[in-house]
Amino acid sequence: MNSSSIPYKQSPPKALWVQQFQNRPLGVVSIAIIVCLIAASALAPLYNFVFNISPDQVDLLNRFAGPSLSNPLGTDELGRDVLSRLLHGGQISLFIGMVAAGFAAILGTVLGLTAGYFGGRLDAVLMRFTDIVIALPLLPVLIVLAAIDLGELGLSNTFASHEYISLVRIITIVVLFGWTTTARLVRASTLSLREQPFVLAAEAQGATPARIMAVHILPNLTSPIIVSTTLAIGNIILLESALSFLGLGIQPPTPSWGNLLTNAQELIWEAPALAFYPGFLIFLTVISFNFLGDSLREALDPRKNKAVE
Amino acid sequence: MLAAMSFVIFVLIGLMPGDPIDLMISANPDVTSEDAERLRKLHGLDQPLWQRYVNWASAALSGDFGYSRIHAKPVFDVISPALQSTAILLGLSFGLSVCIGIFSGVFAAYHQNRRLDHLINFAAFAGISIPPFWLAILLIILFSVILRILPAGGMGTVEASSLWESARYFVLPIVSLTIASVGSHTRYMRAAMIDVLRQDFIRTAQAKGLSPSRVVLGHALRNAMLPVITVVALDFGALFSGALITEMIFAYPGMGKLIFDSIMGNDFNLALIALLLATAMTLLGNLLADGAYVCLDPRIRLAGGSR
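Residues numbered from 1 in each chain as written. Chains lettered and ligands numbered in written order. Predicted model: local features only at pLDDT ≥ 70, side-chain atom pairs only at ≥ 80, totals over all residues. Heavy atoms only, no water.

Draft legend 1. Fine view of a nonpolar patch on the surface. Together, Leu43(A), Leu46(A), Phe49(A), Val50(A) and Phe51(A) line one region of the surface with nonpolar side chains, adding up to about 540 Å² of accessible area. Inspection of the secondary structure assignment puts Phe51(A) in helix H3 (residues 44–51). (Patch = residues over 30% accessible without salt bridge, like charges linked within 9 Å, V, L, I, M, F, W, Y side chains within 5 Å. Areas by Shrake-Rupley, 256 points an atom, 1.4 Å probe, with all protein chains shown as cover. Salt bridge = Lys/Arg side-chain N within 4 Å of Asp/Glu carboxyl O. Helix = DSSP H or I, 4+ residues; strand = E, 2+ residues; numbered from the N terminus.)

Dropping the structure here:
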């Protein structure tokens, strides 16, 4: 008999977690909100084109204008269009959140996988190091890092003052501290996977550690990595906006949700609404990513399924 | 550990732009470049970084932490009032947050998957996701701009007429810091409680006919507290970060604001000691957690595991 004629008794696992996920309205709503926010920021140039404005265009005769047809959310203290600045700020904040979370996930996975697979002293050293990074008072340390003069690190001045360097710098800083959760989760899963028969079989066949980690263990780590990365995006956007708010992240006039709030804080007596929008967008984004991560965790983790409880 | 941290921070601060002499030159155009060289020699700034670290560390160990450049006072005279203010802010909001977190976490776990649980869970997520500086600004808008009942920041004057007059300045910072940390405490507590409530000894206790409150408070709570203490203590660093933002917005004269101002103002001695103290406080928090863990769980002492 042909082995392929044996029918599946179980639905394939992918469909199962999709079903699980669809049962969680908060997760589905979160995805919808995230997609809308990303689409809106990505379409910022189109918006500028239609309304014929730019986020940096100053109009001093039109300061603190209320919502109108040409400025749907009004204007700020220099007469710049608020909505346009919000959308461009969103591009930066979302970009940093996702790119930095991606790099942090890679770093965390490599460290967690190495620690979990090799165990022993290497594991002890790496995990102790992780504990120290977690225990650090994060923001003060980040402030020091953000204040470092790149010129003293041997980089040329033209390079250090380049426009994109503040973007690269903040992503680097955030990645340096954002990998710990992923590393811990990956290590914990690797510890149990390492003892599984299929890993032992691969070892018996003489596979190199690198091959076992990449081919046999890594695919089984997909769900913890996806979950921790999703949750990390929210945290990183919060961190970036906090640094930018303190004036250490993205530098004005380039807008980011964090530095838009810095300006608005000085103007809360004149224009409280200016302080509302950027913070609300950060809040909406972060809570959506957190709910998404939480729903994914529950959908991907069969032990937590409602049927079992 | 602290020594290693002090070296790392020393190097990082050394990498920041400008040294004290540069600042002196820009403040006073009469200083010639020969004077600058002489001053650099006098203060040992011409020596390599590691040599300066050794100089600093040996002075620090004998109790001389140097002068703060901005405040023109010994470092500790600047730090101790800031440390007090932060201790009040952190202590009160941490206590409040842990109490509320335990209560609502236990409550949510007891009513798991019912409407109340979902409501608490949603609120906890909102608390985690809200940017602390935005929350603080919203509170200022509501209570200072619209209602005009609480001050937007600062610290009361010396001749405050009553206790309430000076306490008013603490209300908004404490409330905003508490909201920022209560969400994660609630979620930890809820998760731990759900795990414990599933276990056999809880069923036994229920079967004995104990009242639900005895089961929850007497049997489940103590076991659920164990994992929570560890994560809450690890969160102490995060709480300090939150305090920094809160202090910045409310112009609250605490450690966070001091660290920020000293780093921005190139006040090396002050920044160094303040950062070290912040790190030491965080590590102390973790140590206390280990201690509390042993108190709550006698099994650890018997196992004799050394950490």
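Don't stop here, the text continues.
Draft legend 2. Up close: the confidence of the model for chain A. Considering every residue of chain A, the mean pLDDT works out to 79; 80% of them sit at 70 or more. No element of chain A has a lower mean pLDDT than helix H7 (residues 157–160) of chain A, which averages 58, and none a higher one than helix H4 (residues 82–118) of chain A, which averages 90. (pLDDT = per-residue confidence, 0-100.)

Draft legend 3. Broad picture of the packing of helix H5 (residues 75–110) of chain B against helix H6 (residues 115–129) of chain B. Residues and elements named next belong to chain B. Following both chains from N to C, one finds H5 and H6 inclined at 140°, their axes separated by 8 Å at the closest point. One finds that H5 runs oblique with respect to H6. As for the relative orientation of H5 and H6, their crossing is left-handed in sense. In this structure, H5 contributes Ser 104, Phe 107 and Ala 108 to the contact, and H6 contributes Leu 116, Asp 117 and Ile 120. Of the residues belonging to the contact of H5 with H6, the class tally is four nonpolar, one polar and one charged. (Axes fitted to C-alpha atoms, helices over the stretch in contact; angles between N-to-C directions. Parallel < 35°, antiparallel > 145°, perpendicular 65-115°, else oblique. Left-handed = near helix turned anticlockwise from the far one by under 90°. Contact = heavy atoms within 4.5 Å. Nonpolar A, V, L, I, M, F, W, Y, C, P; charged D, E, K, R; others polar.)

Draft legend 4. Quick look at helix H11 (residues 209–217) of chain A. Residues and elements named next belong to chain A. Listed as buried for H11 are Ile 212, Met 213 and Ile 217. Summarising the axial view, the buried residues of H11 lie within an arc of 95°, below the 170-degree limit, and thus occupy one face. Those residues of H11 that are buried lie in contact with H4, helix H9 (180–193) and helix H10 (197–204). (Buried < 20%, exposed > 50% of the residue type's maximum accessible area, 1.4 Å probe, protein only. Arc of directions from axis to C-beta.)

Draft legend 5. Seen up close, the packing of aromatic side chains. Per the stated rule, a full pass over the model turns up 12 aromatic pairs over all chains. Between the aromatic rings of Phe245(A) and Phe133(B), the centroid separation amounts to 4.7 Å while the plane-to-plane angle is 15°, which identifies the pairing as stacked. In this pair, Phe245(A) sits in helix H12 (residues 222–245) while Phe133(B) sits in helix H7 (residues 132–146), so the two residues belong to two different chains. Here the aromatic rings of Phe291(A) and Phe122(B) are separated by 5.3 Å at their centres, their planes lie at 25°, and the arrangement is stacked. Highlighted residues: Phe291(A) in helix H14 (residues 272–300) and Phe122(B) in helix H6, drawn from two different chains. Exposure remark for Phe291(A): the relative accessible area of 7% places this residue in the buried category. (Phe/Tyr/Trp six-rings, centres within 6.5 Å; stacked < 30°, edge-to-face > 60°.)

Draft legend 6. Spatial organisation of the nonpolar core. Counting residues in hydrophobic clusters, the biggest one holds 106 residues, and the most contacted among them are Leu142(A), Leu246(A), Leu261(A), Ile282(A), Ile79(B), Phe133(B) and Ile263(B). It is H14(A) that provides the largest number of residues to this core, a total of 12 residues. For Leu246(A), the residues in contact, after removing those within four places along its chain, are Leu139(A), Ile143(A), Leu244(B), Met248(B) and Phe260(B). Ile202(B), Ala220(B), Met225(B) and Val228(B) belong to the second largest nonpolar core, which has 20 residues in total. (Core = buried A, V, L, I, M, F, W, Y, C linked by side-chain atoms within 4.5 Å.)

Draft legend 7. Highlighting the side chain of Thr130(A). Checked against the element boundaries, Thr130(A) lands in helix H5 (residues 120–135). A polar contact is formed between the side chain of Thr130(A) and the backbone oxygen of Leu126(A), at a distance of 2.7 Å. (Polar contact = N/O pair within 3.5 Å; in protein donor to acceptor, adjacent residues only side chain to side chain.)

Draft legend 8. Spotlight on the pattern of salt bridges. Residue and element names in this part refer to chain A. Applying the stated criterion across every chain yields a total of eight salt bridges over all chains. Between Glu 195 and Arg 194 there is a salt bridge; the shortest N-O distance is 3.4 Å. One salt bridge connects Asp 294 with Arg 297, and the closest N-O pair in it is separated by 2.8 Å. Residue Asp 294 and its partner Arg 297 are located together in helix H14, separated by three residues, close to a single helical turn.

Draft legend 9. Expanded view of the environment of Ser84(A). Residue and element names in this part refer to chain A. Here Ser 84 shows up in helix H4. For Ser 84, a relative accessible area of 0% puts it in the buried group. Once the C-alpha coordinates of Ser 84 and Tyr 47 are considered, the two residues, 37 residues apart in sequence, prove to be 7.5 Å apart.

Draft legend 10. Highlighting the confidence of the model for chain B. Here chain B averages 76 in pLDDT, and 68% of its residues register 70 or above. Model confidence for the complex is summarised by a pTM of 0.80, with the ipTM given as 0.77.

Draft legend 11. Layout of the interface of chain A and chain B. Every contact between the two is made by 45 residues of chain A and, on the other side, 50 residues of chain B. Buried surface at the junction of chain A and chain B, summed over both partners, amounts to about 3900 Å²; 78% is from carbon and sulfur atoms. Seen at the junction of chain A and chain B, the total is one salt bridge. Across the contact surface, chain A and chain B share five residue pairs in polar contact (both at pLDDT 80 or more). At the level of secondary structure, the elements contributing two or more residues to the side of chain A that touches chain B comprise H5, helix H6 (138–147), H12, helix H13 (257–266) and H14 of chain A. Residue contributions to the side of chain A that touches chain B peak at 13 residues, all from H14(A). Looking at side-chain class alone, the side of chain A that touches chain B contains 33 nonpolar, four polar and eight charged residues. (Buried area = accessible area lost by both parts, 1.4 Å probe.)

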